[in-house]
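# Summary of the model geometry
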Amino acid sequence: MATGWAPEGAVQDQIDDTIMDGVLRARASMPVGVSQTHCDECGEEIPEARRLAIRGVRTCVPCQSERDRRPVSFGINRRGSKDSQLK
């Protein structure tokens, strides 16, 4: 159901693009490579089970939990912003 100048399916295209951006951002932040034996943040030993379960892990569970609580900010999806069309 398109409105105004938007082509049919434009809203769904924007939703799909926003989801794909989120997926790509999450994939880019996933650890890769060899796991660390000690946490990058606190220096405590990372349990072997965690190192085997998550390839490329760099933090212990408490430090990773703290990182996950930090707010994440990313840009505005300007594809759908009417303001961007005015500039």
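To keep things clear, this report deals only with the structure shown in the data block. (Residues numbered from 1 in each chain as written. Predicted model: local features only at pLDDT ≥ 70, side-chain atom pairs only at ≥ 80, totals over all residues. Heavy atoms only, no water.)

The subject of this paragraph is the overall build of the protein chain. A tally of helices and strands in the protein chain yields 4 helices and 0 strands. Mapped in sequence order, the helices and strands of the protein chain form the string α-α-α-α. Taking all 87 residues of the protein chain together, 11% fall into the buried category. A sequence separation of at least 24 residues applies to 24% of the contacts in the protein chain between residues at least 6 apart. With the model as given, the accessible surface of the protein chain reaches about 7400 Å², and the carbon-plus-sulfur share is 57%. (Helix = DSSP H or I, 4+ residues; strand = E, 2+ residues; numbered from the N terminus. Buried < 20%, exposed > 50% of the residue type's maximum accessible area, 1.4 Å probe, protein only. Contact = heavy atoms within 4.5 Å. Areas by Shrake-Rupley, 256 points an atom, 1.4 Å probe, with all protein chains shown as cover.)

For the rest of this paragraph, the subject is the nonpolar core. Grouped together as the largest cluster of nonpolar side chains are 5 residues: Cys39, Ile46, Val57, Cys60 and Cys63. Ignoring anything within four residues of it in the chain, the contact list for cysteine 63 reads Cys39, Glu41 and Cys42. (Core = buried A, V, L, I, M, F, W, Y, C linked by side-chain atoms within 4.5 Å.)

With that settled, consider the layout of surface pockets. Here the second largest pocket defines a volume of roughly 240 Å³. Every residue along the wall of the second largest pocket is listed here: Ser29, Pro31, Val32, Arg50, Ile54, Gly56, Val57, Arg58, Thr59, Gln64 and Arg67. Per-class residue counts for the lining of the second largest pocket are 4 nonpolar, 4 polar and 3 charged. (1 Å grid on protein atoms, 1.4 Å probe; cavity = no way out; pocket = protein on both sides within 12 Å on 5 of 7 lines; lining within 4 Å. Points joined across faces, edges and corners; volume = space filled by probe spheres on them. Nonpolar A, V, L, I, M, F, W, Y, C, P; charged D, E, K, R; others polar.)

What follows is about the pattern of salt bridges. Overall, the coordinates contain 3 salt bridges when judged by the stated rule. In this structure, the salt-bridge partner of arginine 67 is glutamate 41, at a minimum N-O distance of 2.5 Å. Of the two residues, arginine 67 is situated in helix α3 (residues 61-69) and glutamate 41 in the loop between α1 (10-28) and α2 (48-53); the sequence distance between them amounts to 26 residues. For arginine 67, a relative accessible area of 37% gives the class partly exposed. The partner of glutamate 66 in a salt bridge is arginine 69, with the nearest N and O atoms 3.2 Å apart. On the criterion of helical spacing, the pair formed by glutamate 66 and arginine 69 is a turn pair, its members being 3 residues apart in helix α3. (Salt bridge = Lys/Arg side-chain N within 4 Å of Asp/Glu carboxyl O.)

Mapping alanine 53 onto the fold places it in helix α2. The exposure class assigned to alanine 53 is exposed, which follows from its relative accessible area of 65%. Residues alanine 53 and serine 35 lie 18 residues apart in sequence; the distance between their C-alpha atoms is 9.9 Å.

Note that glutamate 45 resides in the loop between α1 and α2. Sequence separation of glutamate 45 and threonine 59 is 14 residues, and the distance between their C-alpha atoms is 9.0 Å. If we ignore the near neighbours within four places in the chain, the residues touching glutamate 45 are Thr37, His38 and Arg51.

Worth remembering: the numbers are spatial, not functional.
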